[in-house]
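These are the residues of each chain, in order.
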Amino acid sequence: MKDDFINYTEKEPLDPRSARNGYGNPTFQHDEKPEQNDELKKNKKKKKNEKSKEKMVGILKLFGYADWLDIILMIIGLIAAVANGTGLPLIIVVTGEMTNRFVMIGQAVNMSVNLSAVMNSNSTCPAIPGLDIEAEMSRFAYYYAGIGFAVVILSTIQVGTFLTSAARQTARIRQKFFFAILHQEMAWFDTSQNGTLNTRLTEDINTIQEGIGDKFCIFVQLFATFLTGIVIGFVYGWKLTLVILSVSPLLAAAATVGSIFLASFTTKELTAYARAGAVAEEILTAVRTVVTFNGQMKALAKYDVNLENARKVGVKKSITTYTSLGFAEFMLFGAFALAFWYGTKLTVEEKENYDIGRVLIVLFSLLRCTFYLGQGSPYLENVANARGAAYEVYKVINKHRLLDSSAKEGYRPDKLKGEIEFKNIHFSYPSRPDVKILKGLNLKVQSGKTIALVGSSGCGKSTAIQLLQRFYDPVQGEVTLDGRDIRTLNIKWLRERIGLVSQEPSLFATTIAENIRCGREGITDSEIEKAAKKANAFDFISRLPDKFNTMVGERGAQLSGGQKQRIAIARALARNPRILLLDEATSALDTQSESIVQAALDKVRAGCTTIVIAHRLSTIRTADIIAGFHNGVVVEQGTHNELMTQKGVYYSLVMQQGHGGNTQNEMSESDEETEDEDYEEEDLDDLRMENLTDLGGFEEPGIIEMGSIPKRSRRHKSRKTSSKKKSSEKKKTKEKEEENLPAVPYSRILALNKPEWLHIFFGVIAAAFSGGIHPAFSVIYGKIIGAFQETDAEKRSKNTTLISFMCLVLAVISLVTHIIQGFMFAKSGEVLTKRLRSLSFKALLQQEIGWYDDPKNAIGVLLTRLATDASQVKGISTEAVENIRTVASLTSEDAFYERYNASLNGPYRDSLTKAPLYGLIYGIAQCANYFLNAAIFRFGAWLIANCYTNFENVFIAFSSVLYGVISVGQSTSLAPDFGQAKVSSQRIFQLLDRKPLIDSYSEEGTKLSQFDGNIEFRDIHFVYPTRPEAQVLQGLSVKINKGQTLALVGSSGCGKSTSIQLLERFYDPIVGQVFADGFDTKSLHLQWLRSKLGIVSQEPILFDCSIAENIQYGDNSRVVSQEEVEEAAKAANIHTFIENLPEKYNTRVGDKGAQLSGGQKQRIAIARALVRKPAVLLLDEATSALDTESEKIVQKALDDARKGRTCIIIAHRLTTVQNADVIAVIHNGKVVEQGTHSQLLAKEGHYYALVNAQVSH
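Thresholds applied
Residues numbered from 1 in each chain as written. Predicted model: local features only at pLDDT ≥ 70, side-chain atom pairs only at ≥ 80, totals over all residues. Heavy atoms only, no water. Helix = DSSP H or I, 4+ residues; strand = E, 2+ residues; numbered from the N terminus. Buried < 20%, exposed > 50% of the residue type's maximum accessible area, 1.4 Å probe, protein only. Polar contact = N/O pair within 3.5 Å; in protein donor to acceptor, adjacent residues only side chain to side chain. Contact = heavy atoms within 4.5 Å. Core = buried A, V, L, I, M, F, W, Y, C linked by side-chain atoms within 4.5 Å. Salt bridge = Lys/Arg side-chain N within 4 Å of Asp/Glu carboxyl O. Phe/Tyr/Trp six-rings, centres within 6.5 Å; stacked < 30°, edge-to-face > 60°. Lys NZ or Arg CZ within 6 Å of the ring centre and 35° of its normal. Expected span 1.5 Å × (residues − 1). Bend = angle between axes of the 7 residues up to and from the residue. Pairing = 2+ DSSP bridges. Axes fitted to C-alpha atoms, helices over the stretch in contact; angles between N-to-C directions.

1. Here's the deal with the side chain of Thr170
Alright, step 1. Structurally, Thr170 can be placed in helix H8 (residues 133-182).
Alright, step 2. A residue is classified by how much of its surface remains accessible, and Thr170, at 0% relative accessible area, is buried.
Alright, step 3. Here the side chain of Thr170 touches Ala166 through a polar contact of 2.7 Å, landing on its backbone oxygen.
Alright, step 4. When near neighbours in sequence (up to four residues on either side) are disregarded, Thr170 contacts Ile205, Gln209 and Ile212.

See below:
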């Protein structure tokens, strides 16, 4: 009896699965992110503190999406749960009655014969008249077995029905919620974070599933156990019941308070680790930026601060856990002492009402059942959490959608001309109602004509396009199509007639063919090829191994910017639109591709009503009408020639471009032939750090355990998931790699904890004492029962009083040893955790960039390998939510909804199949002790009947063995954790022992006393480590002297950005050398070399901190003053903008600079480069994201910054590099010609061809 009870202070009711994960299929329980869980818990705590009842749905409303079959299943489950709850109290009654029989037999033996004398004389064991002990125990064994079988059946029914019902309901909720998200208006997305929506779709609905599934019925079962125990207690002895009940509230309170504190500290710990995880994610996804600016130590310090916070909370959590556990055992043993003492007293004073059996029945019925109620509180909390999560989820499902793309209402004209008119449009974005974007826009577009919208960033051009697509409705005025207000038209019909190609195209993680097919349902393969040819995409697609079946990766990460753009154009052309919207449609193309694609677009535009937005005005000269926007209104319109004569807004922009050079808002220099050419990291908003609970999982060829997935790794993932065969091959490979992990002696693992050896020493001693408490109690328990075979009442009372006191001593020892363990192991364990995390993170930052390129070193998945249905389900939902504008414009909501439902089918069926199995496992776990009791006591009866022992020894042996079995079971349950810990330690040591090919921390190498900035690339041959078959540089040789400007030009993928990465020593060349002031860069001190280089790249990565801190990041070797920050900001033309912000330089830029526009981010990146006063300035499309006005000023600032410095420029727009001292044309990985602008034009070679291609356009 007590055996089970005592151990419930150390473990929860037996459960076949982790209480953290629940029973459901991993798809529904996958990817729990600590930062999201933390956010949920904080939100729920806040809601609780506000006592806002409306923030939680009612208990019946929680089951609002159950159908009649679900209701029937739940009713059956509840009946089974209540019946199952009576099982334990009945077992307690059986045990009490059985104990009475043992005592009665013991007393009979004592009175009839001296057992020891009989055993010593080797005579025959005497029979006791009227008592057949074996028959009696057989009867009780049948009771045990009968109740055990009933518990198995009832548990299977109880858990199976609720899990089945929960799976059915949550599948329904997921579908309705995803459908509701897909069809919300854009204004709703502007005020809702994508991460939050994905959390709702995964974590919140998982929470609902737990609350309406087995956790609900298990709480009902525990509550039924509690009530039954109270009733039995009063029936068998009301006096003793009242005495014990006086202690029971303290016992319940101990369990409840302990769980509350534990939950609180767990939340705080998760918060701290989530912050540390966020730091790690931010740093590792921008690892190139970090090493470029020598920011490793600053990153490590920031990471360690959060680890220290987590360590402090972890210590408190461990101390609280052990103390509450010790206090619970103290109260428990104290209750035993009180009950044994008072129970013995009652057996003397009220013999007719009390015996040892009744005392035990009352004692265990009350203590165990009360403790069960305390342990039921986490399950009740699950239900409460589900009600809170359901509030937000159900609110979205039931929300009235202002612009519902699924609505059937609306007029569908038979014929569409394509005449568009904006009439007196006033508009503000709902998320920023105080900022007016359009202030009386009037504009008319005739059918079949092309109108170009020009103006500076933020003037309302893209907003007008979004109003036409009905992503928003105007605050005032109307947009008409063929004279009819578009608000009267069916939304889906309207969007199906519009083709859109935007500046930053969103592709979906499927094949090229399927991406183009999104343009129009039912399109044939030949039509797909035709559209690809029109978009100049057919040739590069044909060169790919899988051609049109090539997986493009998440957001098209497997392709270069130009390739993505051309597929997006093909997708738009595939639907044969009547209205074509081109928002910087050729911005990501290099010169050669752009001229061809532009010609294709000009051809396609024939017969379409076309609206074009472009910063580079040369692309829109042929438009029928050019409309100049300024401050939300059209200030002029006409043809190119007409507007040039007016000398207004358009004329001003043209003049600025004529002198300013590059006017393109482009994303050039994206590698087409080797994805590794890309210099900057992809924006990884969709992948957040998950459970930075361990830094294990490192592999020599690669890590798959830390941070967010970089570009190439995501490509790898896309390929992996494209076929089961590849997935299985990867799995086999990974298993093979894991077998090759280095052997790590346990002594080395222990050595990591060497500074805390004193804490461990005292903790182990306390643990040893604590481990002996339960065996000692086994002896006390047997002695107490054995004392009742004494017929002398006074002697019996004296014995039981002494034994009760010993029980009290055990209570004190338990409390003290648990508190000592808490303090000692908390200190040693949490310090070790922090030390390992910090060392691992430091080692990660030490690795060379080529190591990160290896797909096996994917940063994105922390401690989990995403290969199951779960990642695919989440991937679909995340993709749809984050690209909602693309989904809506393509009217692909239904297609994504069907894909999502299809992805749920497998896991859903799996959940239904496994539900009864989980119920069976739960039932077996619940009743295993019952069958064990039956066997042991039946065998004990045989031993007693044959005089091999007495019943006191049977109870002592039974309790001791059972405690041993339970302890072994608990230790065995830790075996998987131990195994995982060992593998993790092997991986960690593998990482710590790895010697990077290029060591960022190395203090070796020469630091030149003076650095002039003479750079030379000499016969460089290079391949990226992950693509050894693709030769990027094939004999590159070019030289630049101090103070000169070198411009590298050429088509995408020719090796321009690769050259810069070799100079930064992200990689080392295979053959050849890079020289700085005549020294091979390999011989120079690495951090010193990088400190002399300032880079501004095409897609700058900013960190989630203030603007000032981002600029100061340019020089991590010293404290950069505010004056220097402002000086750099002024030079980059960003100071005025910053000063107009409410918090000025203290304004946070958001994750990866998300709160800023592209141009603003670029200018901050320029300021960051200038603040370090570099000897060599590297400009990789540095002004590509700026509008015309800003570009001209920033270009002048860069020209000034170049003075006296060596400068290397990469640019597609050749007008920005005409003044360079040397222009080198790179083709197929080597310099094919070099010279000044005029010299190269005179040659009429490659450069001449590139210039002509741009001028003609």
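2. Observations regarding the nonpolar core
Alright, step 1. Counting residues in each nonpolar core, the largest one holds 146 residues, and the members touching the most others are Leu62, Phe336 and Tyr394.
Alright, step 2. It is helix H16 (residues 356-398) that contributes the most residues to this core, 21 residues altogether.

3. Some remarks on the pattern of salt bridges
Alright, step 1. Inspection of every chain in the model, using the stated rule, returns 26 salt bridges.
Alright, step 2. The residue Arg168 makes a salt bridge to Asp70 at a minimum N-O spacing of 2.6 Å. In this pair, Arg168 sits in helix H8 while Asp70 sits in helix H5 (residues 68-85), placing the two residues 98 residues apart along the sequence. Asp70 carries the same exposure label as Arg168, and that label is buried.
Alright, step 3. Among the ionic pairs, Asp1115 bridges to Arg1118, the shortest N-O distance being 2.7 Å.
Alright, step 4. Judged by its relative accessible area of 9%, Asp1115 falls in the buried class.

4. Quick word on the packing of aromatic side chains
Alright, step 1. In total, this model carries 29 aromatic pairs according to the counting rule given.
Alright, step 2. Judged by centre distance (5.9 Å) and plane angle (45 degrees), the ring pair of Phe102 and Phe937 falls under tilted. Separated by 835 residues along the polypeptide, Phe102 in helix H6 (residues 87-112) and Phe937 in helix H34 (residues 893-945) bring together distant segments of the chain. Here the two residues Phe102 and Phe937 agree in accessibility, since each one is buried.
Alright, step 3. Measuring from ring centre to ring centre gives 6.3 Å for Phe777 and Tyr781, while their planes differ by 25 degrees; the resulting arrangement is stacked. Remark: Tyr781 and Phe777 occur in helix H29 (residues 757-787); sequence separation between them is 4 residues, near one turn of the helix. Of the two residues, Phe777 and Tyr781, both sit in the buried class.
Alright, step 4. Each member of the aromatic cluster is reached from another via a ring pair, and the members are Phe102, Phe333, Phe336, Phe340, Phe364, Phe777, Tyr781, Phe937 and Phe955.
Alright, step 5. A cation sits over an aromatic face here: Arg484 above Tyr411, 4.1 Å from the ring centre.

5. Focus: helix H30 (residues 793-846)
Alright, step 1. Given a rise of 1.5 Å per residue, 54 residues ought to cover 80 Å, and the 77 Å separating the end C-alpha atoms of H30 matches this to within 8%.
Alright, step 2. Along H30, the sharpest change in direction is near 25 degrees and occurs at Phe825.

6. Section: the sheet that holds strand S9 (residues 625-630)
Alright, step 1. Pairing in this open sheet of 6 strands is mixed, and the strands run S6-S7-S8-S3-S9-S10 from one edge to the other. Taken across any chain shown, the strands that pair with only one partner, and hence form the sheet edges, are strand S6 (498-501) and strand S10 (633-638). Neighbouring strand axes in the sheet, compared pairwise and without regard to direction, differ in orientation by 20 degrees on average.
Alright, step 2. Taken together, the 4 bridges between S6 and strand S7 (residues 579-583) define a ladder with parallel strand orientation.

7. Brief notes about the sheet that holds strand S19 (residues 1222-1227)
Alright, step 1. If you trace the 6 strands from one edge of the open sheet to the other, you get S16-S17-S18-S13-S19-S20, paired in mixed fashion. Edge positions in the sheet fall to strand S16 (1093-1096) and strand S20 (1230-1235), since each has one partner strand and no second. Within the sheet, the average angular offset between the axes of one strand and its neighbour, ignoring direction, is 20 degrees.

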